[in-house]
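# Examining the three-dimensional arrangement
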Protein chains: 2
Amino acid sequence: MKARVTVMLKNGVLDPQGEAVRHALGTLGFAGVEGVRQGKVIELDLAETDRSKAEADVKAMCEKLLANTVIESYRVEIL
Amino acid sequence: MKARVTVMLKNGVLDPQGEAVRHALGTLGFAGVEGVRQGKVIELDLAETDRSKAEADVKAMCEKLLANTVIESYRVEIL
């Protein structure tokens, strides 16, 4: 079973990486880019076949390792 | 208009970051994680209101800046 985790900085947390991308896009001539936020996506290949158990496992992984829940929010999708 | 770009390393390209996550999950006691690939997600806030023009713009941004198309593939979603 495959799972996808998307981790983004929470709203209000400064995102220098996104800001750098926004600036670089402007330099390259792309007008009209009003904001950029950059996060990470983690695709997991799981041996677990039960959908709800897989989701619970991945949430535990996020809490323990994949996301820093002080400043980041995460979203889990089971594919 | 909002757009989301997901950039992943192509299949066959070594992903040391994903491999490190897989190993760390094993160390933390999460068994049954068979593979991990890590990529990045970029959320863009665009002034453009035409859906197809926004999609074309974002694809051009990917080709020029956001993805290294030699080793990375990208997916564009207009939200």
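Residues numbered from 1 in each chain as written. Chains lettered and ligands numbered in written order. Predicted model: local features only at pLDDT ≥ 70, side-chain atom pairs only at ≥ 80, totals over all residues. Heavy atoms only, no water.

## Remarks on the relation of the copies chain B and chain A
Aligned on chain A, chain B shows an RMSD of 0.0 Å; the corresponding rotation is 180 degrees and the shift along the axis is 0.0 Å. Given the turn and translation reported, the copies of this chain are related as if by a two-fold rotation axis. When each C-alpha of chain B is compared by its distance to the rotation axis, Lys40(B) comes out closest, at 2.1 Å. A high fraction, 100%, of the interface residues of chain B reappear at the interface in chain A, so the copies pair face to face through one surface. (Least-squares fit on C-alpha atoms with pLDDT ≥ 70 in both. Contact = heavy atoms within 4.5 Å.)

## Description of the sheet that holds strand S2 (residues 33-46) of chain B
An order of S3(A)-S1(A)-S2(A)-S2(B)-S1(B)-S3(B) is seen for the six strands of this open sheet, with the pairing classed as antiparallel. In this open sheet, the two strands that pair with only one neighbour each are strand S3 (72-78) of chain A together with strand S3 (72-78) of chain B. Averaged over all neighbouring strand pairs, the angle between strand axes comes to 25 degrees, with direction disregarded. For strand S1 (residues 2-9) of chain A and strand S2 (residues 33-46) of chain A, the ladder comprises six bridges, and the chain directions are antiparallel. Along S2(A), the bridge assignment pairs Lys2(A) with Asp45(A). Helix H1 (residues 16-27) of chain A contacts S2 of chain A together with S2 of chain B of the sheet and is inclined by roughly 125 degrees relative to S2(A). (Pairing = 2+ DSSP bridges. Helix = DSSP H or I, 4+ residues; strand = E, 2+ residues; numbered from the N terminus. Axes fitted to C-alpha atoms, helices over the stretch in contact; angles between N-to-C directions.)

## Comments concerning the interface of chain B and chain A
Every contact between the two is made by 31 residues of chain B and, on the other side, 31 residues of chain A. Summing both sides of the interface, chain B and chain A together bury roughly 2600 Å²; the carbon and sulfur share of this comes to 67%. When the buried surface of chain B facing chain A is broken down by residue, Phe30(B), Val41(B) and Glu43(B) rank first, second and third, together holding 19% of it. Where chain B touches chain A, the interface holds zero salt bridges. Linking chain B to chain A there are ten residue pairs in polar contact (both at pLDDT 80 or more). Contributions of two or more residues to the side of chain B that touches chain A are made by strand S1 (2-9), helix H1 (16-27), S2 and helix H2 (51-66) of chain B. A class-by-class count of the residues in the side of chain B that touches chain A yields 17 nonpolar, five polar and nine charged. The sheet contact formed by S2(A) and S2(B) spans 13 bridges and is antiparallel. Paired with Glu43(A) across the two strands is Arg37(B), which belongs to S2(B). (Buried area = accessible area lost by both parts, 1.4 Å probe. Salt bridge = Lys/Arg side-chain N within 4 Å of Asp/Glu carboxyl O. Polar contact = N/O pair within 3.5 Å; in protein donor to acceptor, adjacent residues only side chain to side chain. Nonpolar A, V, L, I, M, F, W, Y, C, P; charged D, E, K, R; others polar.)

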